[in-house]
Amino acid sequence: MTDETVVVTGANSGIGYEATRVFADRGATVVMACRSVARGERAADGVRDAVPDADLDVRKCDLGDLDSVAAFADGVTTDYDGLRVLCNNAGVMAIPRQQTADGFETQFGVNHLGHFALTGHLLAVLDATEGESRVVTQSSGLHEQGRIDFDDVQHERSYDEWEAYAQSKLANVLFGYELDRRLRNRGIDGVVSVVCHPGWAATGLQARGPRESGSSVRLWAMKLANALFAQSAASGALPMLFAATDDEVTGGEYVGPGGLMNMRGSPEFQRSSDASRDADAAERLWELSTDLTGVSYGFDALD
Ligand SMILES: NC(=O)c1ccc[n+]([C@@H]2O[C@H](COP(=O)([O-])OP(=O)(O)OC[C@H]3O[C@@H](n4cnc5c(N)ncnc54)[C@H](OP(=O)(O)O)[C@@H]3O)[C@@H](O)[C@H]2O)c1
């Protein structure tokens, strides 16, 4: 990865942090896209402890604020000539209903719409990079429980935190596949899109929902379940690293851990749910995401 630039969203914690450490160790410049620059800088110090010559660039990118996403993308486009990999990794899980700065339900807004906008803004620099660039979108095995509720996509009428999470993670897969189809249909060979999931990894993800809903019982249950079943965050980063770098990836794949119930183990190509391979739903979600974010991909201006 020497002389390559990689953007990782949510780089200050969990899987994003571990992926940043590995990319940096392999010589990449890692742009750490973080909701909080202070948390990002602290994480960068941690990476530097392990990789003293790490080339890290911590920048603010709040995926729950489309202006912040656009400003981040502008900065990257101005300051970097090329971008080898965009890791759409950041996420929130099963939190009480909240809204982003733009009024979107937060799990849909951050996990899907923020990354939809970010990718659209960065597509030109990805495409301008010599050789193949990749967009890697982090989903979850829970996408299999997901349904896109097109009648109430922001879950304004009724809100269940797990349904909203599963919807957002299904949206990640639909988006990743649809992006790859659109790139292929327009003959854009220089960018491929691939989807991954980490299985179950012990990170900050599991604690935020219980903490924000004030449920100490759920918090302890999550901690116990993590101790019993989860793999490390470093192992959870492997599918994303594989999707970002492996030679066998050609675009449109789904990568996850191949061990026990696909919750742990080494990365392999897997089959995502039937709903995630519904091209009509993917197209509908794409149009909706374009309308909601105001970001339209400039495919025609590329290649
Ligand atoms: N861990 C698992 O078992 C598991 C399973 C399936 C899928 N995943 C997926 O893996 C991804 C990474 O999660 P993780 O497990 O590494 O959890 P994590 O340790 O909680 O990391 C999540 C990251 O996302 C960032 N983030 C949250 N809201 C954001 C926003 N509005 N703008 C920018 N960044 C934001 C967080 O930043 P702050 O620190 O500032 O909050 C943090 O850096 C997520 O997409 C998650 O859905 C994880």
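For the structure itself, look to the data block above.
Residues numbered from 1 in each chain as written. Predicted model: local features only at pLDDT ≥ 70, side-chain atom pairs only at ≥ 80, totals over all residues. Heavy atoms only, no water.

Remarks on the pattern of salt bridges
Applying the stated rule across the entire model yields 16 salt bridges. Salt bridges here are not isolated pairs; linked through shared partners, they connect Glu 178, Arg 181, Arg 182 and Glu 287. (Salt bridge = Lys/Arg side-chain N within 4 Å of Asp/Glu carboxyl O.)

Description of the nonpolar core
Leu 122 and Tyr 297 are the most contacted members of the largest nonpolar core, which has 45 residues in total. Elements with a minimum of two residues in this core: β2 (29-34), α3 (66-79), α4 (106-128), α5 (161-185) and α10 (279-293). Not counting residues up to four positions away in its chain, the partners in contact with Leu 122 are Ala 73, Val 76, Thr 77, Leu 83 and Leu 86. The next biggest cluster of nonpolar side chains, apart from the first, holds 33 residues, and it includes Phe 23, Val 58, Met 240 and Phe 242. (Core = buried A, V, L, I, M, F, W, Y, C linked by side-chain atoms within 4.5 Å. Buried < 20%, exposed > 50% of the residue type's maximum accessible area, 1.4 Å probe, protein only. Helix = DSSP H or I, 4+ residues; strand = E, 2+ residues; numbered from the N terminus. Contact = heavy atoms within 4.5 Å.)

Considerations on the site of the ligand
Taken together, 30 residues sit near the ligand, with Asn 12, Ser 13, Arg 35, Tyr 165 and Thr 203 positioned nearest. One nitrogen or oxygen atom from the side chain of Arg 35 is found 2.6 Å from an oxygen atom belonging to the ligand. A distance of 2.9 Å separates an oxygen atom of the ligand from a polar side-chain atom of Lys 169. In isolation the ligand offers 890 Å² of accessible surface; the protein chains occlude 93% of this area. Of all the secondary-structure elements, those providing two or more residues to the shell around the ligand are α1 (14-25), α5 and α6 (205-212). The dominant element in the shell around the ligand, judged by the number of residues it contributes, is α6, at three residues. Each residue belonging to the shell around the ligand can be placed in one class, and the counts come to 11 nonpolar, 14 polar and five charged. (Near = heavy atom within 4 Å. Polar contact = N/O pair within 3.5 Å; in protein donor to acceptor, adjacent residues only side chain to side chain. Areas by Shrake-Rupley, 256 points an atom, 1.4 Å probe, with all protein chains shown as cover. Nonpolar A, V, L, I, M, F, W, Y, C, P; charged D, E, K, R; others polar.)

As for the state of the cysteines
Overall, the coordinates contain zero disulfides when judged by the stated rule. Unpaired in this structure, Cys 61 has its nearest cysteine sulfur neighbour in Cys 34, at a distance of 8.8 Å. Left unpaired, Cys 196 is separated from the closest cysteine sulfur, that of Cys 87, by 7.4 Å. (Disulfide = S-S within 2.5 Å.)

Some points on the sheet that holds strand β8 (residues 267-269)
Read from one edge to the other, the open sheet built from eight strands follows the order β3-β2-β1-β4-β5-β6-β7-β8, with strand pairing classed as mixed. The open sheet has two edge strands, β3 (55-60) and β8, and neither has a second partner. Averaged over neighbouring strand pairs, the angle between their axes works out to 20 degrees when direction is ignored. Relative to strand β7 (residues 254-257), strand β6 (residues 191-196) runs parallel, the two sharing two bridges. Bridge pairing in β7 links Val 195 to Tyr 254. The sheet contacts of α5 involve β4 (85-88), β5 (133-138), β6 and β7, and relative to β6 the element is tilted by about 160 degrees. On top of the sheet, helix α9 (residues 238-245) reaches β4, β5, β6, β7 and β8; it is set at about 155 degrees to β5, its chief contact. (Pairing = 2+ DSSP bridges. Axes fitted to C-alpha atoms, helices over the stretch in contact; angles between N-to-C directions.)

Overview of a nonpolar patch on the surface
Together, Leu 224, Leu 228 and Phe 229 give the surface a local cluster of nonpolar side chains, amounting to about 320 Å² of exposed area. Inspection of the secondary structure puts Phe 229 in helix α7 (residues 216-229). For Phe 229, a relative accessible area of 41% translates into the label partly exposed. (Patch = residues over 30% accessible without salt bridge, like charges linked within 9 Å, V, L, I, M, F, W, Y side chains within 5 Å.)

Observations regarding the packing of α1 against α9
Two elements in contact, α1 and α9, have axes separated by 9 Å at closest approach and are oriented at 45 degrees. By the angle between their axes, α1 is oblique relative to α9. Crossing handedness for the pair α1 and α9: right-handed. Together, Ile 15, Ala 19, Val 22 and Phe 23 of α1 and Met 240, Leu 241, Ala 244 and Thr 245 of α9 make up the contact between the two elements. Each residue belonging to the contact of α1 with α9 can be placed in one class, and the counts come to seven nonpolar, one polar and no charged. (Parallel < 35°, antiparallel > 145°, perpendicular 65-115°, else oblique. Left-handed = near helix turned anticlockwise from the far one by under 90°.)

It is worth stressing that arrangement in space is one thing and function is another; only the former is reported here.
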